[in-house]
Amino acid sequence: MTTSAREETATNRTSAQHHELLRSAPEASLQSPVRLQPARVPRHRARALLEIGGRRVPFMRWSFIRLLLSMRRLMRVWQVGDGREERLADHVVQNAREGDLDDVIRAIDEYCYERSYMINVGDEKGAILDEAVRRARPSQVLELGTYCGYSALRICRAMPDDARVVSIEFNAANALIAHRILEHAGIIDRVAVLVGTLGDGGRTIATLEAEHGLAAGSLDFVFIDHDKNVYLSDLELILGQGWLHPGSVVIADNVKFPGAPEYRAYLKERQDQSWRTVEHEAHLEYQTLIKDLMLESDYLGGPA
Ligand SMILES: C[S@@+](CC[C@H](N)C(=O)[O-])C[C@H]1O[C@@H](n2cnc3c(N)ncnc32)[C@H](O)[C@@H]1O
């Protein structure tokens, strides 16, 4: 079986089977002959190789190249295909103190800098997210795009103790990984991960309203970090449901890279009418070469 066929098959297996498959797969068939494999390079040397002039550049790392090679697959099934998402959960369980939210976040950042590059919001933009959550002091948070739960962990750490997050995730395998990590961090009673999409014909919206308390004016904070092509249509769905109230805060990642130009233009056109948006300049996660933007928008109410 070819590597890609093996990877495709792996996505249909149970977590345990998938794990077993990855363990038994010969390393050479999953990885290229490029020498910069973090596992084989002493950590201090790996770090030096990944920085040029004080800038973090993961581009020579095999894990980054592997992700680029898998981009089409990543955009379709939202896993890189080499088992890094499952291995992240293993890393967290083995290396982060159980019930210690800070330590779980630290362990994920460590894994992403030193083992496998991943598409979490990351530490730099994560700090912008933290500040937005602290400013909003939300009771009810909606996240679009859970992936492995990294941003949900950060939101939970910054929000008031009695607040709740419901996070929507398209890929059921990612939702399971996130659940495992959130459970290890001891916050599974504060975050619900729902498998679905807002655009799935009403199923997820109905569940959010029936089981997670979303109702007119109930939503204080939204983090948008999923499929860039549906940022705007999903914001319009949220507005259509009437879940926001004046003062609700919506923050979106990756507006510059990979980019969500329609979303950005929509908010720009409505600046100081129904929205007030601040654009935060930052970098794409876990490096400092590619620039990115996070948009933090206060809903002012009135016409969408
Ligand atoms: C960039 S990752 C999210 C990263 C996460 N917010 C973090 O910072 O840790 C995008 C995630 O959105 C999910 N996704 C893609 N399209 C989606 C959709 N329409 N609704 C919900 N989730 C979606 C993908 O499966 C993927 O796990």
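A short tour of the structure in this document, coming up. This structure is a prediction, so every number in the text was calculated from the model and none was measured. Within every chain, residues take consecutive numbers counted from 1 along the sequence as written. Local features in a predicted model are, by the rule used here, given only for residues with pLDDT of at least 70; side-chain atom pairs are given and counted only at 80 or more, and totals for whole chains, interfaces and linings are based on all residues.

**Quick look at the overall build of the protein**
The condition is simple: Put simply, DSSP marks the helices as runs of H or I at least four residues long and the strands as runs of E at least two long, and each gets a number from the N terminus on. Three exposure classes are used, based on other C-beta atoms lying within 10 Å of a residue's own C-beta, which is placed from the backbone: buried for 20 or more, exposed for 12 or fewer, and partly exposed in between. Placing a C-beta atom from the backbone of each residue, one calls two residues in contact when those atoms lie within 7 Å.
Looking only at helices and strands, the protein features 15 helices and nine strands. Going through the 304 residues of the protein one by one, you find that 40% of them count as buried. Taking all contacts inside the protein whose residues are at least 6 apart in sequence as the whole, residues at least 24 apart take part in 70%.

**Overview of the site of the ligand**
The test is simple: Near residues are defined by distance alone, with the backbone-placed C-beta atom required to lie within 6 Å of the molecule or strand. In this count, Pro and Cys sit with the nonpolar residues alongside Ala, Val, Leu, Ile, Met, Phe, Trp and Tyr, while Asp, Glu, Lys and Arg are called charged and the others, Gly among them, polar.
Around the ligand there are 19 residues in total, and W78, G145, Y147, Y150 and S151 lie nearest to it. When contributions to the shell around the ligand are tallied by element, the ones reaching two or more residues are α10 (150–158) and β4 (164–169). Residue classes in the shell around the ligand are distributed as nine nonpolar, seven polar and three charged.

**Details of the environment of G145**
By the element assignment, G145 lies in the loop between β3 (140–144) and α10. We classify G145 as buried; it has 23 C-beta atoms within 10 Å. Along the backbone, G145 and D225 are 80 residues apart, and their C-alpha atoms lie at a distance of 5.3 Å. Ignoring any residue separated from it by four or fewer positions in sequence, one finds G145 in contact with E169, D225 and H226.

**Examining the sheet that holds β3**
Applicable threshold: Pairing between two strands requires that DSSP report at least two bridges joining them. Under this scheme, a helix contributes an axis fitted over its contacting stretch, all axes are lines through C-alpha atoms, and angles between N-to-C directions fall in the 0 to 180 degree range.
Ordered by their spatial adjacency, seven strands build an open sheet running β5-β4-β3-β6-β7-β9-β8, and the pairing between neighbours is mixed. The sheet is open, and its two edges are formed by β5 (191–195) and β8 (275–283), each paired on a single side. Averaged over all pairs of adjacent strands, the angle between their axes in this sheet comes to 15°, without regard to strand direction. As paired elements, β8 and strand β9 (residues 291–299) share nine bridges and run antiparallel to each other. Of the residues in β9, the one forming a bridge with H283 is K291. Sheet contacts for helix α9 (residues 122–136): β6 (219–224), β7 (244–252), β8 and β9; angle to β8, the most-contacted strand, approximately 155°.

**Brief notes about the nonpolar core**
Let me state the cut-off plainly: What makes a nonpolar core is a set of buried Ala, Val, Leu, Ile, Met, Phe, Trp, Tyr and Cys residues, with links drawn between C-beta atoms within 7 Å. A domain assignment, automatic or from a database, supplies the domain bounds used here.
Of all hydrophobic cores here, the largest spans 73 residues; its most connected members are V104, I108, I155, A178, I181, I251 and A252. For this core, the domains that each give at least three residues are domain 1 (3–114) and domain 2 (122–299). Not counting residues within four places of it along the chain, the set of residues in contact with V104 comprises V92, A96, L153, I181, H184 and A185.

**Examining the environment of E296**
Note on placement: E296 falls in strand β9. Judged by the 19 C-beta atoms lying within 10 Å of it, E296 falls in the partly exposed class. Sequence separation of E296 and F223 is 73 residues, and the distance between their C-alpha atoms is 9.3 Å. Other than its neighbours up to four places away in sequence, E296 contacts A132, V249, I251, T277, V278 and H280.

**Observations regarding the packing of helix α8 (residues 101–114) against α10**
If you want to describe how two helices pack, look at the angle between their axes and the distance between the axes. Definition in use: In this scheme the handedness of a crossing depends on how the near helix is turned from the far one: anticlockwise by less than a right angle means left-handed, clockwise means right-handed.
For the pair α8 and α10, the least separation of the axes is 10 Å and the interaxial angle reads 150°. Taken as a pair, α8 and α10 cross one another with a handedness that is left-handed. Where α8 approaches α10, its residues L101, V104, I105 and I108 are matched on the opposing element by Y150, L153, R154, C156 and R157. Taken together, the residues of the contact of α8 with α10 break down into seven nonpolar, no polar and two charged.

**Comments concerning the pairing of β6**
Working note: regular strand, side chains alternate between the two faces of the sheet. Test applied: Think of it like this: strands point away, you trace from the first strand over the helix to the second, and a clockwise trace means the crossover is right-handed.
Of all the six residues making up β6, six are buried; the element is thus mostly covered by neighbouring parts of the structure. Inspection of the sheet shows β3 paired to β6 by four bridges, in the parallel sense. Of the residues in β6, the one forming a bridge with L144 is I224. In terms of strand pairing, β6 meets β7 through five bridges, oriented parallel. The residue bridging F223 from the neighbouring strand is I251, located in β7. In this fold, β6 hands off to helix α13 (residues 231–241), which returns the chain to β7; that crossover is right-handed.

**A word on unusual backbone geometry**
That bond from F257 to P258 is cis: its omega, -5°, falls within 30 degrees of zero. With respect to the helices, strands and loops of the structure, P258 is situated in helix α14 (residues 255–259). Phi is positive for D272, close to 65°, though the residue is something other than glycine. Here D272 is to be found in the loop between α15 (261–269) and β8. By the C-beta count within 10 Å, which is 8 here, D272 ends up exposed. In the Ramachandran plot, Y286 falls in the positive-phi region, its phi being about 60° despite a non-glycine side chain. Secondary-structure assignment places Y286 in the loop between β8 and β9.

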